[in-house]
Amino acid sequence: MRWSEMDNHQHALRQLVEGLQTDLRSLSSESRKKFPAVKEAAERSMMSLRTLALGKTQIDEALAQSDGVLHAFLFGCESRQPKLVQISLTAMQKLITHRAIPESSVGNLINALWGLMENRLEELKILQTIMVLVSRMDCVHGELLAKAFVLCFRLYSGRDSVTSNTASASVRQLVCVVFERVAIEKIGDRTRDSTSPTKHFHKKSPKNLDPSTLDAYLLFQDLCQLMNGDNAVYLVGLVEIDRSLGLELLETVLSNYSDVFLKHPEFSFLLKERVCPLVIKLFSPSIKHRPSGSLGTVLMEKPNFSISLHLLRIVSVLIKEFFTLLITECEIFLSLLVKFLDLDKPFWQRTMAVEVIQTLCAEPNLVCSFCQCYDMQEHSTKVFRDIITALGSFLQSLFTGQSPNSPMSTSTSSISSTTSTGSTGGAGSIGTTPAGMATSPTHGPRRGFMSGNVFISHFALPPSGTAKPIILHMLDKLEPPTVQDSYALALAMTSLQTVVSSISILVDERVVKPLKRKSQRGESLLDWAPDGVLVEMVNSSWCGVLAALSLLLDASMDDLATESILKALCSYLRISGVLDLTTPRDAFVTTLCKATLPRHYALTASVESVHSSPRHKTSTVTAVSTNVVTAAAAAHLSTKNLQCMRSLLGVVHCHGGVLGSAWYLVLSSLQHLADILNLKPTSTGSFKAPGVPDSGMSKPPSSGTLVDLSIIASMLSRLFEPSRFLSEQALLSLVDALCRLSNEVLDGAAVAFQTKDPSLFAIAKLLEVGLSNMCRIQLIWDIVESHLLKVCQHLNSTLREFASESLTTLVRSGLNFRDEINSTKPDEQIMVRALQKMSRNDHLDVRHQQLECVLQVLHSNGQELVEGWAILLDVLMQGAQLKGEIPVQVAFQALQLVVTDFMPLLPRRCLPLCIQTAARFGTQLVDVNISLTAIGLLWNVSDFLEQNRDAIEADSDGAVDADPNWTGSHLTPFERLWLCLFGQLAMLCVDDRPPVRKSACQTLFQTINTYGHVLTQQSWEPVVWKVLFPMLKEVQARSGSAADTKLQTNDGGAKRILIHHSRDTEQKQWAETQKMALAGVARVFQERRAILCELEGFQRAWTCLLDVIYNCSLCPLPEVSLAALKSFQAVVEDENSVCRSAESWRHAWQTWLAIGRQSSREGEQHTQTYLTELLKVFRMMYGNLDIFSIDDLDALSGVLRAVVLVPVDRDSSLFLTSSSTAPVPSPLQRTCLETIEDIYLCKNREDSVVFTERGRLLAPRIISVLLEFSLFASRPPKAMKALGDVLAADELSCTVAFGERAMRMASILYMETMRDRAIVESFVLDRTLKCLRVPLTLKYACPVQSTWQQAADVLLRVLKESLAVVCLPQWKESFGGMWSELGSLLEDFLFSPNLPKTALPVEQRVAHEEIDIKVVELLRTDILTRPQCLPPGFKSRVMALLNRGSEHCSEEEYEGIAFIVCDQEDFYR
């Protein structure tokens, strides 16, 4: 013991001693004269007290061992003198409190108290003393304790009410003390033998109980026997007790000390054999009572309220505390409770039974035991079902007018309703009268319940679980109270809610929590099955509960009451769902959904409440519903509707996992709600909060209602955010229900899609579910995707657009989603494949949304895409085929982003698809600018391929073949990519639009020429045969079939487009393409000739190319034919002839010759430019011809002869006039001469001109051609005069210049080769003189005077150089005819018949005479000096000429002739 406690104890002992001394002195002084014995005893006690106080022993212990002090006070009680008795009792209470009384004196003390009781002295003090004695002195057992109880009961039976009440309280306390002793007493050995010192008061009393336990046993047994009318065994002398007190004592013991009865079989025996029969017996009057006025004989007396009250309390305790011991008896008790609810019972009794039922149903395990022990047994009473049914019947009776309410009496208690007026604008109310309240003309709105014409006001009970029964606590009342319907209704409603709450607790403990623990441990839930007891509880109760709650919900006009009813409905709905009981779950869902919508909403929403009484008019929110048959019908939402909506939304938020197939009912109601409130979905599936309606409102809504509407709209907006916590099966059920609901909308919209907007609720919520469950979107993706794709095909644009937006939103969200916990994300391919499936849709708005999504995905997720590239590119490719301008533009923007930013990220197998996609945009017809830009993207792709060659070749994944014709082991993936690129560009080269063809051709050949070096020899074969030639062939075919009619110059009449005359026909436009294509192919062959020549099929390719050139060069369109020759030039321009074989060049020569012959045929009209280019081709190829025979030269000569005869066209004639005074040949003529010159001349390294060996061999034929051309100067051909007189002078000057140049070339070639045998044997000199004779004979008749002068000059030089060869003996015979021709030439020249038409100027005449002198001088110095070479005839002819000349010459001339004659003499000598 601590020091503080010791000090307190000592202080208390000192106070005890002081108090006892005071009491003894008072006792002594009061008894001096009349009671000397008392005085003497008091004095002795004082002396004894002093002695004990001075001793070493504690005073309390010393007093407990000696009764010296107590005797004085016992004497005082025996005196019967009130003053002395009072002092004595007070002192004894002090001694008892400190346990300072010897146990041996306890009997004397009780006897003294008994004597005082009999004399009716200090009864209250007696009770106090007894109470202190029994509670403080544990030695009070057996007879002493029984006598104490009997004493208290006798005082209770007295006439004084104060004493009786005090005795009643004392008895209750004493009973508690007795049983508390049992509770704290150590349980002894249950096998105690018969020699135990415990005294038994009855031969049938238990033999093995401890004293305290035995006291409690005997006391409880006697209480039961006395109330049953039997004799007491323990409480000897007590004949009967008040039943109310006895029942109260029994209840106290049973409720407070239930452990005693459960631990001791003896006490359990008393329950079965004493208590239960007693209760059943006492219930009999109440059961058999019939109210006055009922049919039949009246049975027994009217039930006693107090006894019924205590009996029901005992029944409640027995059932709650001892159900496991009294299963059979409890069945009887419960059946009695159910019968108490019959209509033939007093209303207070029925209400009190409901209170008991409420207390019982508040125990979840007890309710479960009812069902398990009774309802689940085959031959047992369905107690639990009967209880629920009885409660429902009780509620129903309240609204059918069967409750016998009477005015409140002044002599009885009354349980009335507390009716609060409430505010006129409560939560959820709109208008002047709060919704859910009945109206009264005098008192205004009232809160309560209305069913039919019965109104029951509201009674506010505490929340379920904390409410205490009112009637069952009226222990001090003897008469029954007048119970109002409002309390009974509230009590019954609370009882039902309690039942629901208990079942809910059981479900949580037995199902929800174990499943949660299993889930947390990762255990499988597939083998889970619902608890059979719980299932039976629901099956037994749901019908009754639903009927009752539906009645209450329909009748409720109070917001708080409605809220509590809805809570119970939702709770039972959850219970049914957790246990997977579909029938009750769907029934509760249906009831709740029905309550959310206005009455008759589905039938007619425009019916006014004109047929209802004023009490039915409620505040309403009016909104136009789009789902009602009449579009203008209005639906009225009451405050109750709004409450039900909130509850329904709460069910979805909190218990969506248990709804299963009931989702459809819930969603249908929520869809109606959204339509009524005119809520519009957003792009995330949420809904916009409604504003204040502008029309259709009879009265403006209150602020409270607007708050409710905002809350509901907010809840609808976040309706399925908690769906991510649903199980997989629950989530699938939700999605299936949404799809089913959406299908119904689709069916309705298909019928009336032009008259009203369909509901988007199901699609919006499907979107919200998907967004909320991105972590497991694969579970529902197939369902969601297929349904949204189905909606995208609908005819209604609103549905279609929102579905497409929803699907694309899900795709974007899925690609952006990252599960931070599991580090996972949705399958990329699954998400983007939905976009690919949208390509099957024919609606432009859907495709636009699809392509916008692709663009956004690329912007936000392009860096992270891996497997989805192929699908996205396919989507873009399909988008290129659309007819709408905007979708195509969006798709092309996406493709541009791919090519410019994401090419390095593309898997190598996707590169061909990217190329094909870009090409597909090149073929689209919506916007030509897109096509042109797409071709530019292909150029970007080529750059990428070149820059990333190593990475592409190192990629083991490889590239997918874009064309099966290009597959093969000999081609690498890198080469296939190039072939794919070239093939797509080649395809664009034959597009119907000229700008596209032009751009594609340019890009194709620029790409080939720029990056052709990356291709190996084996890859050039398919380039040639599968790209270039097929493209050329197609272009040629299209060009040949193109129309030559003039194109329209306007575009649909809207905008005028100017077209140049050179492109104003389709044929001309294709001609340009043909020109570009041929030029490009030729350039490829030229620049890649080294590698192409190595190809196995090069010769065949060369032949095909030449054939194309041949065909194109003969095209009637000048630009095509000219371009063909340009291309011919390109392919034959080869500085290194080893790159092509002789066969190739021979084939080229043959092609050229065929073109030349065809072009030079009579009737062919080719321009000088064309022919010039044709000759240039020959000049380029001639050097590479290994063989050029005389026949070839003859063929060439024939072409040349025909070419030079082609007249100058009008356009080219403008450029013939030279700025210089000297005439020049036309370009064609000049080229013709240069062509001939190329045959025999070439330039060496020093850039000097040398004669070729081949030229020497062909010199005779060449000179002949040149001589033939030289005659053009003196005698222009008739074919060259076709342009008329205006241009004749210019053309003539060109022709003369051409002839003169040919003359010079012939002389030069002859002088170089005159010693060659071929020249001599071909009589070239003879032909030369013959040709020179023509201009020399004409002389002044030549078109241009320079012609004969040049001929004279050539004659002089040729003769001077040739005489050395002519005079050679071996060639004497070969030149025999030359002298005759020379004589004629000299005669015709010197004596030309053609004189000047006008007198020549002196200078010119002198110059001409000098030419004649040079000729004569040549005769004198070079010819006549070689007489051995001259034939006789020539000599005489020369002399004759000289003589003739002397006759006509002037003095100066004569001197010259004379000189010659003198020389002749020498000559002759």
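Since this is a predicted model, take the numbers as computed values, not measurements. (Residues numbered from 1 in each chain as written. Predicted model: local features only at pLDDT ≥ 70, side-chain atom pairs only at ≥ 80, totals over all residues. Heavy atoms only, no water.)

A short note on the overall build of the protein chain
And then number 1: Broken down by element type, the protein chain carries 58 helices and 11 strands.
And then number 2: Counting all 1469 residues of the protein chain, 53% fall into the buried class.
And then number 3: The contacts of the protein chain with a sequence gap of at least 6 include a subset with a gap of at least 24, amounting to 75%.
And then number 4: Accessible surface, the protein chain as shown: approximately 65,100 Å² in total, 52% of it carbon and sulfur. (Helix = DSSP H or I, 4+ residues; strand = E, 2+ residues; numbered from the N terminus. Buried < 20%, exposed > 50% of the residue type's maximum accessible area, 1.4 Å probe, protein only. Contact = heavy atoms within 4.5 Å. Areas by Shrake-Rupley, 256 points an atom, 1.4 Å probe, with all protein chains shown as cover.)

Structural notes on helix α45 (residues 1168–1182)
And then number 1: The terminal C-alpha atoms of α45 lie 21 Å apart, and with 15 residues this matches the ideal 21 Å at 1.5 Å per residue to within 8%.
And then number 2: For α45, the tally of buried residues reaches 11 of 15 residues, placing the bulk of the element in the interior.
And then number 3: Within α45 the residues assigned to the buried category are Gln1168, Tyr1170, Leu1171, Thr1172, Glu1173, Leu1174, Leu1175, Val1177, Phe1178, Met1181 and Tyr1182. (Expected span 1.5 Å × (residues − 1).)

Looking at the packing of helix α20 (residues 532–555) against helix α22 (residues 582–596)
And then number 1: Between α20 and α22, whose axes approach to 10 Å, the crossing angle comes to 5°. The orientation of α20 with respect to α22, classified from their angle, is roughly parallel. In contact with Val538, Trp542, Val545, Leu546, Leu549, Ser550 and Leu553 of α20, α22 contributes Thr583, Pro584, Ala587, Phe588, Thr591 and Ala595.
And then number 2: The residue makeup of the contact of α20 with α22, split by class, is 10 nonpolar, three polar and no charged. (Axes fitted to C-alpha atoms, helices over the stretch in contact; angles between N-to-C directions. Parallel < 35°, antiparallel > 145°, perpendicular 65-115°, else oblique. Nonpolar A, V, L, I, M, F, W, Y, C, P; charged D, E, K, R; others polar.)

Examining the confidence of the model for the protein chain
And then number 1: This prediction gives the protein chain a mean pLDDT of 78; 80% of its residues lie at or above 70.
And then number 2: With pLDDT under 50 throughout, residues 187–200 is counted as low confidence; its partners more than four residues away or in other chains account for 20 contacts.
And then number 3: pLDDT under 50 marks residues 416–444. Its contacts with residues more than four places away, or in other chains, come to 78 contacts. (pLDDT = per-residue confidence, 0-100.)

Here we look at the state of the cysteines
And then number 1: Counting across every chain of the model gives one disulfide.
And then number 2: Paired through a disulfide, cysteine 1367 and cysteine 1429 show a sulfur-sulfur distance of 2.5 Å. Of the two residues, cysteine 1367 is situated in the loop between α54 (1345–1366) and α55 (1376–1390) and cysteine 1429 in the loop between α56 (1402–1423) and α57 (1432–1448); the sequence distance between them amounts to 62 residues. (Disulfide = S-S within 2.5 Å.)

Brief notes about the nonpolar core
And then number 1: If you look at the biggest cluster of nonpolar residues, it comprises 467 residues, and the most contacted ones within it are Leu235, Ile319, Leu716, Phe1128, Trp1152 and Phe1269.
And then number 2: When residues in this core are grouped by element, the largest group, 15 residues, is from helix α19 (residues 485–520).
And then number 3: When sequence neighbours within four positions are dropped, the list of residues in contact with isoleucine 319 reads Cys330, Phe333, Leu334, Leu337, Leu360, Leu366 and Phe370. (Core = buried A, V, L, I, M, F, W, Y, C linked by side-chain atoms within 4.5 Å.)

Some details on the packing of aromatic side chains
And then number 1: Under the counting rule described, the total for this entry stands at 36 aromatic pairs.
And then number 2: A ring pair is formed by phenylalanine 1178 and phenylalanine 1188, whose centres lie 5.6 Å apart and whose planes are at 55°; its orientation type is tilted. Separated by 10 residues along the polypeptide, phenylalanine 1178 in helix α45 and phenylalanine 1188 in the loop between α45 and α46 (1190–1204) bring together distant segments of the chain.
And then number 3: Here the aromatic cluster, defined as three or more aromatic residues joined through ring pairs, consists of Phe179, Tyr217, Phe220, Tyr257, Phe261, Phe267 and Phe322.
And then number 4: Over the aromatic face of tryptophan 1070 sits the side chain of arginine 997, whose NZ or CZ is 3.7 Å from the ring centroid.
And then number 5: The residue whose ring lies beneath lysine 1339 is tryptophan 1348, and the NZ or CZ to ring-centre distance is 5.2 Å. (Phe/Tyr/Trp six-rings, centres within 6.5 Å; stacked < 30°, edge-to-face > 60°. Lys NZ or Arg CZ within 6 Å of the ring centre and 35° of its normal.)

With respect to the environment of leucine 1355
And then number 1: Locating leucine 1355 in the fold gives a position in helix α54.
And then number 2: Remark: the alpha-carbon pair of leucine 1355 and leucine 1336, spanning 19 residues in sequence, is separated by 9.4 Å.
And then number 3: Not counting the four nearest positions on each side in its chain, leucine 1355 is found in contact with Leu1329, Leu1332, Leu1336, Leu1382 and Leu1385.

Some remarks on the environment of alanine 561
And then number 1: Its location among the elements puts alanine 561 in helix α21 (residues 559–578).
And then number 2: Exposure remark for alanine 561: the relative accessible area of 1% places this residue in the buried category.
And then number 3: Taking C-alpha positions, alanine 561 is 8.2 Å from glycine 448, a pair spaced 113 residues apart along the chain.
And then number 4: Residues in contact with alanine 561, not counting those within four places in the same chain, are Phe449, His458 and Ser556.

Section: the pattern of salt bridges
And then number 1: Throughout the structure, instances matching the rule amount to 34 salt bridges.
And then number 2: The salt bridge partner of aspartate 992 is arginine 1038, with a shortest N-O separation of 2.2 Å. In this pair, aspartate 992 is assigned in the loop between α37 (973–988) and α38 (994–1011) and arginine 1038 in helix α39 (residues 1017–1041), connecting sequence segments 46 residues apart.
And then number 3: Judged by its relative accessible area of 56%, aspartate 992 falls in the exposed class.
And then number 4: Note that lysine 1126 and glutamate 1173 form a salt bridge whose closest N and O atoms lie 3.3 Å from each other. Within this pair, whereas lysine 1126 is found in helix α43 (residues 1118–1132), its partner glutamate 1173 is found in helix α45, the two being separated by 47 residues in sequence.
And then number 5: Note on glutamate 1173: relative accessible area 6%, which makes it buried.
And then number 6: One network of salt bridges, with partners in common, ties together Asp992, Glu1034 and Arg1038. (Salt bridge = Lys/Arg side-chain N within 4 Å of Asp/Glu carboxyl O.)

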